[in-house]
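The primary structure of each chain is shown beneath.
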Amino acid sequence: MKKLKVIGVLALLVLVLTKCQKAADFPADKYDDRLSGGFATVFDITSHAFSNMFPGMATYDQEVHAFGDAAFNKSFVTAPAPINSGLGTIFNNTSCISCHHNDGIGLPTAGELQSSLLVRISLPGTDAHGGPVAVPGYGLQLQDKAVFGKVPECKVNITYDYQTYSFADGETYNLRAPTYTLTNLYTAISGSYMLSPRLAPPMFGLGLLEAVPESEIVAFADPNDANGDGIKGKANYVWDVTTQSRQLGRFGWKANTASILTQVAAAYNQDIGITNRIFPVESSYGQSQYDGLKDDPELPDSTLNAVKFYATTLAVPARRDVTDADTKRGELLFKQANCVGCHKQTLTTGVNVAFPPLSNQVIHPYTDLLVHDMGPGLADNRPDFGAGPQDWRTASLWGIGLFQKVNNPGYYLHDGRARTITEAIMWHGGEAAASKNYFAKLSKADRDSMLKFLNSL
Amino acid sequence: MKNTILALSCIAVLGLSSCSKSNNSTPTNTDGTAEAQVITDFVNVVANPNYIDIQTNASKLNDAVKTLVATPTQANLLATRQAWKDTRAAWESCEGFLFGPVEDNSYDPTMDDWPVNKVDLDALIASNNPLSVSDITTLETTLKGFHAIEYIIFGVGSTKKAADITAREKVYLTSLTESLYNTTTDLRNSWDPKSGNFSNDVLTAGKGSKTYATRQAFFTVLVGSMTAICEEVGTGKMQDPYAARDSTLDESSFSHNSTTDFKNNITGVLNVYLCKYNGVSGSTSLSTLVAAKNAALDNKIKTQINTAIASFSTITLTYEKAIYDQRAQILATQAAIATLQTTLNVDLQAFIKANIKD
C-alpha cells in the first residue's frame, strides 16, 4: 500500500510538472520577459555572454560541449602535423574562433589575421539541385589565404562610399556602401560572375532555431502578400548535402543551409580547408593548390559531432531592462512599425526526443527564418536556391544589444556595413521599407526608445 | 568558451525567476570605498605593472637574440632561452586577468597561438621569402609569437645548439622577437593612461565607465577571468596531453616549460586575489573585501589557491615525461585546480552578487 501511495504521489507530481511545462497551457503573461531562449537562457552581460552552454545539461553533455568548445578554438596547421593537421591548402581563416570572436559576429575585413568576412562566388543560372553554379577553378567560395607555397585564389578588396543623412529633427547618421572587387585572381574567370559577402554570424541559440517545427516557419510565408502589409516572406528550400535531400534552409544570411551539422561541416571544409565525412573532398580539388595527400577526411568524426553539439547548445543571453518604461515604449513602437512582420518575437520549439532540453521552448529570437526582398540597397544580386537577388533571411535580433560588448565595437547586417543599430535599420528596404520609414519619421525620443528596446534584447 | 558551473547555477536563477516575477528589493548601497580601492590597486599594483613587465622582458628577449645572432655561443643561447622564459612568465601570470584589450584586440592569439605550423615554418625558413618585421605582421599567428620563437631557440626536445641556428633562422628570430615586443608594447599601451587607457574603463566601473556599467559587472568579469584560467589549465592544457598520453599536445613542449606555464597561470589568480605582484602589495585586495564579511570563504580561497600552486611542485619531471610517469601527481594537481575553480565560480561569484551592489 505504502508503495502505491508513493507511486501515486510521484504520478501526481509528474502530472503537475507536465502541466506546468506544457507551453500551450501556460498563459503567455506568466513568462518572464527576460528568458529569450526559454530554459536555455543565461544571465551574462560580459564579453562572454554568447559563450555559455545550456543550463542544466547532464554531465556527459557538458563534457561533449566542452570538447566541442576546445575544438572550436583550435588553430589548424599545414599537413602533415601531429595535431590539427590539414589547414587549407587554401582557406579563409585557421580556426572557428578566429572568425567568430567570442562566439559572436566578426570583423568585416577580408584576408587579414582576424578577418571574419568571406565572399561567395557563382556563375549565372542554377545547378542540378537548383543552387548556385560553381565557378570553374574557384567553386562557390573564394579562399583568400593559402599555406606556404600555395597561391590564394584572390585578394578581396573592400571600399566604402560614405554618405551622411539626417532625420527630420536634424540628427545625422552615416551609411557606408561597400564595393567588393577581386584582384590577384590566380586564374582567369571567363564570363560574368556574382559575388556575395558574408560576415561570420553569432553562434548562440542555433539549436533552438533548428528545433522550431518547419510548419511553424512555413506558416509565416505570405508569398502573394494576402494580408496586404507589403511583407511577403518565403521559405528557402535548399539541397542539403548531409541528408542528400531538399530541406528548409534556416541558417546562413540567405538561409541556404538546412542544419547545424551541414553548416559546421561546410565551414570546416570551405573556410579552413578541413575535410570531413560530410564534405570529404578538399576545396582545392582540381585546382593547382590541391595537396594530393591521402589524409581525407582530416577531421575526426567525433570532433565534427562535438562541434555540432557545441553550436547546438550555446545558450541565449537574457534580456536586460525589460521593466524600463522607455524599453516598453520602444517595444510598442517596434510592433506599431510592423518590424514584427518579419522579426517574429515568439517561436516555439517542437519535441526533440534525441535532446529533450530543446523541446517545447518558448523563445524570442525575433526572426521568422524566412527570406525577404530587402531592396536594391542591400542586394548582393546573387540568388541562392530560392533566395532571390535581393533576398536576405530575417536576422535574429536576440543578443543584438550585446554585440558591442562581445565584439567591440560591433557590426551589423550580412557584411558588417552597419556600425550601429540605427544604420542597420536605415539600410532596410524592399519589404521592410514601410517599417524603416516609420522609424525614420519617429521623434528622436521615440527612436531612442526603440533603440533602447533593441538594446535590451 | 565554457562555463559549466555558471550553467548549473543558472538553473537556480531560472527556476526562481520563472516561478514568479522578480520583485527584488532595492539593494542597500554600501559606501563602496573599499571596492573602489580594490579596483584602483588591481589596476596600479597588478595589471599595469604586469603588462609593463611583459613589455620589458620582451625587449630583453629581443636584445638577447641580437647578442646571440652577433655571437652565437652556447652561453648566449642559454641567455636567450632564459629571456624567453622570463617573458613567458610575465605573460602567463597576466592570463589570470584575460579581459579588455588583450582579448578585444586579439593580442592573445597574436602572441600565443598554438600549435606551431611546423611544416610552413620550416618551408619559410628554407625559402628566400623576406622576413622583415613587417613581413612577420602578415604571417598567420601559428607562425609567430612565443611558440615559433620557442621552436627556433629550443628545437624539438630542447636539443637545439647555438651552432645549429642557421642564417635564415637568425633573421627570422630577430624579426619574431621584435614583432613580439611590438605586440607587448601595443598591449601595454592599451592600458597606459597616457595611451589607450583601458585602466580608466576599469577605474570608473559603475561611475561612468563605458565598459562596466556597475562595479558588480567589473568584479564579475574579474572573477570570471580567474575562473576561466583555472578551467583552461586544468581541463585543457593539462588534460589534453594527459588523456591522450601524447607529449606533442603539450603547449610548451620544445622548452619543457609547460609545468612552469601552468603554475604561473595559477599564480596570476593569486596575484589578482591578493592584489600582489612582484613582491608589491596593494592596500586593499579582493581578499580584504571577502575577509571583512566572510573570513571562512577568504581562508578557503587562499588555501585552495596555495594548494593548487604547491601541487605543481609534486610534478618533478618535465610535463612531457610526467604524462607517462607522474600521472597521479597530475591528477591531484588537476583536482586542486578544479576545487579552486568551483569555489571561485560559485562561492566567490555569489559573494560578489550579494555584497557588491553598486
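From a predicted model like this one, the values you see are computed outputs, not experimental measurements.

(A) Looking closely at the overall build of chain B. A tally of helices and strands in chain B yields 17 helices and 2 strands. For 358 residues, the compact-globule formula gives about 21 Å, and the C-alpha radius of gyration of chain B, at 22 Å, lands near that figure. Considering only C-alpha atoms, chain B reaches an extent of 70 × 50 × 40 Å along its principal axes. Buried residues in chain B amount to 49% of all 358 residues. Partitioning the contacts of chain B with sequence separation of at least 6, the portion at a separation of at least 24 is 76%.

(B) How the structure looks around the overall build of chain A. The secondary structure content of chain A amounts to 11 helices and 15 strands. Along the first, second and third principal axes, the C-alpha set of chain A runs to 75 × 70 × 40 Å. For chain A, the proportion of its 457 residues judged to be buried stands at 52%.

(C) Fine view of the packing of helix H2 (residues 33–70) of chain B against helix H3 (residues 74–94) of chain B. Residues and elements named next belong to chain B. In contact at an axis separation of 8 Å, H2 and H3 are set at 165° when each is read in the N-to-C sense. In terms of orientation, H2 and H3 fall into the roughly antiparallel class. As for the relative orientation of H2 and H3, their crossing is left-handed in sense. Contact residues: Asn 50, Tyr 51, Asp 53, Ile 54, Asn 57, Ala 58, Lys 60, Leu 61, Ala 64, Val 65, Thr 67 and Leu 68 in H2; Asn 76, Leu 77, Ala 79, Thr 80, Ala 83, Trp 84, Asp 86, Thr 87, Ala 90, Trp 91, Ser 93 and Cys 94 in H3. For the contact of H2 with H3, a count of residues per class yields 14 nonpolar, 7 polar and 3 charged.

(D) Local environment of the nonpolar core. One finds Val 264, Ala 265, Val 307, Ala 311, Leu 314 and Ala 315 of chain A to be the most contacted residues of the largest nonpolar core, which totals 110 residues. The element best represented in this core is helix H5 (residues 260–272) of chain A, accounting for 8 residues. Excluding its chain neighbours within four sequence positions, the residues that come into contact with Leu 314 of chain A are Phe 50, Ser 51, Asn 52, Met 53, Asp 103, Met 203, Phe 204 and Gly 205 of chain A. In this structure, Val 38, Trp 84, Leu 270 and Ala 322 of chain B belong to the second largest nonpolar core, which totals 89 residues.

(E) Structural view of the sheet that holds strand S8 (residues 194–199) of chain A. Residues and elements named next belong to chain A. Taken in spatial order, the 3 strands make up an open sheet running S4-S3-S8, and their pairing is antiparallel. The two strands at the open ends of the sheet, each matched to only one other strand, are strand S4 (141–142) and S8. Two strands pair when backbone bridges link them, and strand S3 (residues 117–122) and S8 are joined in this way by 6 bridges, in the antiparallel orientation. Residue Ile 121 lies in a different strand from S8, and its bridge partner there is Leu 195.

(F) How the structure looks around helix H7 (residues 325–336) of chain A. Residues and elements named next belong to chain A. Taking 1.5 Å per residue, 12 residues should reach 16 Å; H7 reaches 16 Å between its end C-alpha atoms and fits that length. Taken together, the buried positions of H7 are Thr 327, Gly 330, Glu 331 and Phe 334. An end-on view of H7 places all buried positions within 100° of arc, on one side of the element. On the buried face of H7, the contacting elements are helix H11 (444–455). Trailing H7 by a residue or two, Asn 338 shows a phi angle of about 60°, which is positive.

(G) A look at the interface of chain B and chain A. Each partner contributes residues to the interface: chain B has 37 residues there, and chain A has 40 residues. The set of elements that each furnish at least two residues to the side of chain B that touches chain A consists of helix H1 (4–19), helix H4 (101–104), helix H6 (118–126) and helix H11 (215–237) of chain B. No other element matches the 10 residues that H1 of chain B contributes to the side of chain B that touches chain A. Here the side of chain B that touches chain A is built from residues that sort into 17 nonpolar, 13 polar and 7 charged.

(H) Spatial organisation of helix H2 (residues 59–73) of chain A. The first and last C-alpha atoms of H2 of chain A sit 21 Å apart over 15 residues, in line with the 21 Å expected at 1.5 Å per residue. Among the residues of H2 of chain A, those classed as buried are Gln 62, Val 64, His 65, Ala 66, Gly 68, Asp 69, Ala 71 and Phe 72 of chain A.

(I) Up close: the pairing of strand S7 (residues 172–183) of chain A. Residue and element names in this part refer to chain A. Here strand S6 (residues 155–166) runs beside S7; their pairing, made up of 12 bridges, is antiparallel. When the sheet's bridge partners are listed, Ile 158 is paired in S7 with Tyr 180. With antiparallel pairing between neighbouring strands as the criterion, S6 and S7 make up a hairpin whose turn holds 5 residues, including Gly 170 at a positive phi of roughly 100°.

(J) Region of interest: the packing of H5 of chain A against helix H6 (residues 301–312) of chain A. All names here are of chain A. Relative to each other, H5 and H6 sit at 120°, their axes nearing to 9 Å. When the axes of H5 and H6 are compared, the pair comes out oblique. Here H5 runs over H6; the crossing is right-handed. The segment H5 lies against H6, with Ile 260, Leu 261, Val 264 and Ala 265 engaging Leu 304, Val 307, Lys 308, Ala 311 and Thr 312.

(K) Inspection of the pairing of strand S9 (residues 237–240) of chain A at higher detail. All names here are of chain A. Pairing of S9 with strand S10 (residues 245–248), which is carried by 4 bridges, proceeds in the antiparallel orientation. Along S10, the bridge assignment pairs Asp 240 with Ser 245. The antiparallel pairing of S9 with S10 creates a hairpin that spans 4 residues between the two strands, and Gln 244 there sits at a positive phi of about 50°.

(L) Structural view of the confidence of the model for chain A. For chain A, per-residue confidence averages 94 on the pLDDT scale, and residues scoring 70 or more make up 94% of the total. Note on residues 12–22 of chain A: pLDDT is under 50 here. Beyond four places in sequence and across chains, it has 3 contacts.

(M) Expanded view of the confidence of the model for chain B. Scored by pLDDT, chain B has a mean of 92; 92% of the residues are at 70 or more. Here residues 4–29 of chain B scores under 50 on pLDDT; set against residues more than four positions off or in separate chains, the count is 34 contacts.

(N) Local environment of the environment of Ile 278 of chain A. Residues and elements named next belong to chain A. Checked against the element boundaries, Ile 278 lands in the loop between H5 and H6. Sequence-wise, Ile 278 and Val 264 are 14 residues apart; in three dimensions their C-alpha atoms are separated by 9.7 Å. Leave out the neighbours within four places in its chain, and Ile 278 touches Val 241, Thr 242, Leu 261, Thr 262 and Ala 265.

(O) Region of the structure containing unusual backbone geometry. At the junction of Asp 296 of chain A and Pro 297 of chain A, the peptide bond is cis and its omega measures out at -5° in the coordinates. Of note, Pro 297 of chain A is situated in the loop between H5 and H6. Pro 115 of chain B follows Trp 114 of chain B through a cis peptide bond whose omega is 0°. By the secondary structure assignment, Pro 115 of chain B is in the loop between helix H5 (107–112) and H6. Not every positive phi belongs to a glycine, and Ala 255 of chain A is a case in point at roughly 50°. By C-beta crowding, Ala 255 of chain A is classed as buried, having 28 other C-beta atoms within 10 Å. Of note, Asp 321 of chain A is a non-glycine position whose phi angle comes to about 55°, a positive value. Looking at the element boundaries, Asp 321 of chain A is found in the loop between strand S11 (316–317) and H7.

(P) Spatial organisation of the environment of Ser 95 of chain A. Residues and elements named next belong to chain A. Tracing the chain through its elements places Ser 95 in the loop between strand S2 (90–91) and S3. Taking the C-alpha atoms as reference points, Ser 95 and Asn 73, 22 residues apart in sequence, are found 6.3 Å from one another. When residues no more than four places from it in sequence are discounted, the contact partners of Ser 95 are Asn 73, Lys 74, Ser 75 and Phe 76.

(Q) Structural context of the environment of Leu 454 of chain A. Residues and elements named next belong to chain A. Among the structural elements, Leu 454 can be located in helix H11. In sequence terms Leu 454 and Pro 357 are 97 residues apart; their C-alpha atoms lie 27 Å from each other. Not counting residues up to four positions away in its chain, the partners in contact with Leu 454 are Leu 397, Ile 400, Gly 401 and Ile 421.

Analysis parameters
- Position numbers for residues count from 1 along each chain, tracking the sequence in the order it is written.
- By the order in which they are written, chains take letters starting at A while ligands take numbers starting at 1.
- Where local features are concerned, this predicted model is filtered to residues with pLDDT of at least 70; where side-chain atom pairs are given and counted, the filter is 80 or more; whole-chain, interface and lining totals use all residues.
- The helix count covers DSSP runs of H or I at least four residues long, the strand count covers runs of E at least two residues long, and both are numbered beginning at the N terminus.
- Radius of gyration: C-alpha atoms only; globule rule: 2.2 Å multiplied by the number of residues to the exponent 0.38.
- Exposure classes come from backbone-placed C-beta atoms, where a residue is buried if 20 or more other C-beta atoms lie within 10 Å of its own, exposed if 12 or fewer do, and partly exposed in between.
- Contact between two residues is assigned when their C-beta atoms, built from the backbone, lie within 7 Å.
- Axis angles are defined between N-to-C directions and span 0 to 180 degrees, where every axis is a line fitted to C-alpha atoms and, for a helix, only to the segment in contact.
- With respect to orientation, any angle under 35 degrees is reported as roughly parallel, any angle over 145 as roughly antiparallel, any angle of 65 to 115 as roughly perpendicular, and every other angle as oblique.
- A clockwise turn of the near helix away from the far one marks a right-handed crossing, whereas an anticlockwise turn of less than a right angle marks a left-handed crossing.
- Note on residue categories: nonpolar means Ala, Val, Leu, Ile, Met, Phe, Trp, Tyr, Cys or Pro, charged means Asp, Glu, Lys or Arg, and polar means any other residue, Gly included.
- We call a set of buried Ala, Val, Leu, Ile, Met, Phe, Trp, Tyr and Cys residues a nonpolar core when their C-beta atoms link them within 7 Å.
- The criterion for strand pairing is that DSSP finds at least two bridges linking the strands in question.
- Working rule for helices: expected span equals 1.5 Å times residues minus one.
- Working note: the arc is built from the helix axis to C-beta atom directions.
- As a per-residue measure, pLDDT tells how confident the predictor is, with possible values from 0 to 100.

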